[in-house]
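Examination of the molecular architecture
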Amino acid sequence: MAGREVELEATKIAHGGISVARLDGRVVFVSDTIPGERVVARITDDSKPSFWRAETVRVLEPSVHRQAHVWPEAAVDRDPDERAGGAEFGHIELDHQRALKAEVLAEALQRMAGLERSVEVESLPGPADGTAWRTRVRLHVDQDGTVGPYAARSHRVIPVESLPLATQAVREIAPLREKITGAETVDVLAPSSGGARLIVGRQTPSQVRERVGAREFRVDDSGFWQVHEGAAVALTEAVQTAIDPALFDPRAANLDLYGGVGLLAAAVGDKFGRTVRITTVESDARATEHAAENLADWLGATAVTARVEHWVRSLATAQAGERARLAAATVVLDPPRAGAGRAVLEALAAVHPAQLVYVACDPIAFARDVATLSGLGYRLEGLRALDLFPNTHHVEAIGTLVRV
């Protein structure tokens, strides 16, 4: 069956930027379509008895929300094997993209956590078509030196003439027409100060500076920083708003887990003042070094290098005074895409912090962790969603959870 072309009707959106269709009663996950469309799709994977995967090759009945793809090299008029990856929602009008992302997040919370929540995905400042926001782009290099993105859902390099999701500064220096040898990747980045740069293969990290409002952050050029040029400001505001001030104690043992270079710990400090006590925990030693510098304004700020899942176990051995400060704490956590997971959440819940502010880049992992926290005595009190990744299926959720 793999390789066969079939007619399908997409009926709903699924996590991952794909739509759901049925063929002879079997679920088929099909890419590059929109719920409500009829398409001709090529079966790409029939190895699972419960579902297959397919890629749209032709649209028979287009949705009213279909638009010309913002990235010509990813458009449906190209063979699926030749479509650039990384803009899987680029054929959908931007407002409808956000409606679909809201649907995925709301459904995940209902299905996994039993919560009925109305979700609105908020836009960030930027062009009306959702382009020109990426300040960091990773390109790949194939055996003959060609530079480009991977094809969608593969590790094959696709030559392209454009990078429409990238900022102008990134587009200007991206080596799309060059041949490069001796490297597998080329990272193109444009920090908010200091000019754009390339990282060809593995290079010794150098420091760049990123500005968020009036504050400046030191970060390695190869280290993690939010990709959307407006994301750091948006997340700072979202976390500050998500914290219930009635539950916040500046002298508590407040925590910033998976803290990176201290962006969200700084958001807490800027909101509640120089007396804030907060410990930021991050596994990357270079990021922790930068966090210590970036948080130097707060006498009570501490940066710890440790894996969060290991460090939180130490909370169980805290002395009585520290346990009281933990029980009064606000915990900000921004885990990787896989989520925090049960072990981390159980260790946190065991010391009964007053509130948790959970920043999530994956709605399924977020909903699973919200369900876990519900069973541990925490209620989802507030919820926002930000469109930090326009023209992709990704969405950022910020949830406030309080003790029941």
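**Description of the sheet that holds strand β17 (residues 330-333)**
- Strands sit in the order β7-β19-β20-β18-β17-β14-β15-β16 across an open sheet of 8 strands; the sheet is mixed. Bordering the open sheet on either side are β7 (121-122) and β16 (300-305), each of which pairs with just one other strand.
- Relative to the sheet, helix α5 (residues 285-294) contacts β15 (277-282) and β16, its axis offset from that of β16 by approximately 170°.

**Thoughts on the pairing of β17**
- Here β17 shows two buried faces, one formed by Thr330 and Val332 and the other by Val331 and Leu333.
- Alignment of strand β14 (residues 254-257) against β17, held across 3 bridges, turns out to be parallel. Bridging from a neighbouring strand, aspartate 256 pairs with valine 332 of β17.
- With 4 bridges connecting them, β17 and strand β18 (residues 355-360) associate as parallel partners. Across the sheet, the residue bridging to valine 332 is valine 357, located in β18.

**Quick notes on the packing of aromatic side chains**
- For the coordinates displayed, the defined rule picks out 5 aromatic pairs.
- Where phenylalanine 248 meets phenylalanine 272, the ring centres are 3.9 Å apart and the plane angle is 15°; that geometry is what we call stacked. Pair noted here: phenylalanine 248 is in the loop between α3 (231-242) and β14 and phenylalanine 272 is in helix α4 (residues 263-272), with a separation of 24 residues, a long-range link.
- Taking relative accessible area as the criterion, phenylalanine 248 reaches 9% and is therefore assigned buried.
- Centroid distance tyrosine 358 to phenylalanine 366: 5.3 Å. Interplanar angle 70°. Geometry classified as edge-to-face.
- We classify tyrosine 358 as buried; its relative accessible area is 1%.
- For phenylalanine 366, a relative accessible area of 0% gives the class buried.

**Structural notes on the sheet that holds strand β2 (residues 12-14)**
- With mixed pairing, 6 strands are arranged side by side in an open sheet as β1-β5-β6-β4-β3-β2. On the outer flanks of this sheet lie β1 (5-9) and β2, each paired with one strand and no other. Direction aside, neighbouring strands of the sheet carry axes that sit 50° apart on average.
- Here 7 bridges tie strand β5 (residues 38-45) to strand β6 (residues 51-61), and the two strands are oriented antiparallel to one another. Across the sheet, isoleucine 43 pairs through a bridge with alanine 54, a residue of β6.

About the cut-offs
- Residues numbered from 1 in each chain as written.
- Predicted model: local features only at pLDDT ≥ 70, side-chain atom pairs only at ≥ 80, totals over all residues.
- Heavy atoms only, no water.
- Pairing = 2+ DSSP bridges.
- Helix = DSSP H or I, 4+ residues; strand = E, 2+ residues; numbered from the N terminus.
- Contact = heavy atoms within 4.5 Å.
- Axes fitted to C-alpha atoms, helices over the stretch in contact; angles between N-to-C directions.
- Buried < 20%, exposed > 50% of the residue type's maximum accessible area, 1.4 Å probe, protein only.
- Phe/Tyr/Trp six-rings, centres within 6.5 Å; stacked < 30°, edge-to-face > 60°.

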